[in-house]
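# Residue-level structure breakdown
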Amino acid sequence: MNEPISMRVNSARLSGIKGRTVRLPCKVLRLSDDIAIVEASDGGQVEIQRKNVEVTATYIEVIGSVVDASTIKAMATLPLDSEGELDMQLVNDVIELTFESRFDKLFPRYKETDPSMLAY
């Protein structure tokens, strides 16, 4: 398989990868019937379309398909809660490192990713 199954992203990385499967570590801000509003590791808010997808923790990783630059259609969520707060700045730093070219062999990106995203 030449492409990764999913890339770990923050809210700023969603543009340019519409239709792709991503992993978004985030903090749940609000829940309604089929929608969750979350705060990504970079502080941006993302709408999660979560029909038939349970959200059981404050900190989660959403696995889903990018609808647009601020929306993901969830396929699943993974709880990330531990004892207390999760250091989202550290999570964001790791995400940004995965987009640095020196780590291309460890963290491949989708070929269609907009090159301007790499210079973020």
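Small disclaimer: the values here were computed from a predicted structure and weren't measured.

### Here's the deal with helix H1 (residues 88-98)
Those residues of H1 not exposed but buried are Met 88, Val 91, Asn 92, Ile 95, Glu 96 and Thr 98. Across the axial projection of H1, the buried residues extend over an arc of 155°, all falling on one side. Lining the buried residues of H1 we find strand E1 (7-8), strand E2 (21-31), strand E3 (35-40) and strand E5 (59-68). Of the residues flanking the start of H1, the one acting as N-cap is Asp 87, its side-chain oxygen 3.2 Å from the backbone nitrogen of Gln 89.

### Re the environment of Glu 54
Tracing the sequence through the fold places Glu 54 in the loop between strand E4 (45-49) and E5. Judged by its relative accessible area of 59%, Glu 54 falls in the exposed class. Residues Glu 54 and Leu 78 lie 24 residues apart in sequence; the distance between their C-alpha atoms is 9.3 Å.

### Brief notes about the pairing of E2
Two faces, one strand: in a regular strand the side chains alternate between the faces of the sheet. Here E1 pairs with E2 via 2 bridges, running parallel. Counterpart to Met 7 in the pairing with E2 is Val 22. Here E2 runs beside E3; their pairing, made up of 5 bridges, is antiparallel. Looking at the pairing, Cys 26 lines up with Ala 40 of E3. Where E2 folds back onto E3 in an antiparallel hairpin, the turn is made up of 3 residues.

### Points about the pairing of E3
Judged from the 5 bridges that link them, E3 and E4 form a sheet pairing that is antiparallel. Counted as the bridge partner of Glu 39 is Gln 45 from E4. Where E3 folds back on E4, the antiparallel hairpin that results is connected by 4 residues, among which Gly 43 adopts a positive phi of roughly 95°.

### Examining the packing of aromatic side chains
Applying the stated criterion to the full structure yields 0 aromatic pairs. The ring centre of Phe 99 lies 4.0 Å from the NZ or CZ of Arg 13, which sits over that ring.

### Structural notes on the confidence of the model for the chain
Scored by pLDDT, the chain comes out at a mean of 87, with 86% of its residues at no less than 70. Note on residues 113-120: pLDDT under 50 across the span, and 12 contacts to partners over four residues away in sequence or across chains.

### Notes on the pattern of salt bridges
In total, this model carries 4 salt bridges according to the counting rule given. Residue Arg 23 is joined to Glu 61 by a salt bridge in which the shortest nitrogen-to-oxygen separation is 3.0 Å. Pair noted here: Arg 23 is in strand E2 and Glu 61 is in strand E5, with a separation of 38 residues, a long-range link. Assessed through its relative accessible area of 5%, Glu 61 is described here as buried. Look at the salt bridges and you will find they share partners, linking Arg 8, Arg 23 and Glu 61 into a network.

Cut-offs applied
Residues numbered from 1 in each chain as written. Predicted model: local features only at pLDDT ≥ 70, side-chain atom pairs only at ≥ 80, totals over all residues. Heavy atoms only, no water. Buried < 20%, exposed > 50% of the residue type's maximum accessible area, 1.4 Å probe, protein only. Helix = DSSP H or I, 4+ residues; strand = E, 2+ residues; numbered from the N terminus. Arc of directions from axis to C-beta. Contact = heavy atoms within 4.5 Å. Polar contact = N/O pair within 3.5 Å; in protein donor to acceptor, adjacent residues only side chain to side chain. Pairing = 2+ DSSP bridges. Phe/Tyr/Trp six-rings, centres within 6.5 Å; stacked < 30°, edge-to-face > 60°. Lys NZ or Arg CZ within 6 Å of the ring centre and 35° of its normal. pLDDT = per-residue confidence, 0-100. Salt bridge = Lys/Arg side-chain N within 4 Å of Asp/Glu carboxyl O.

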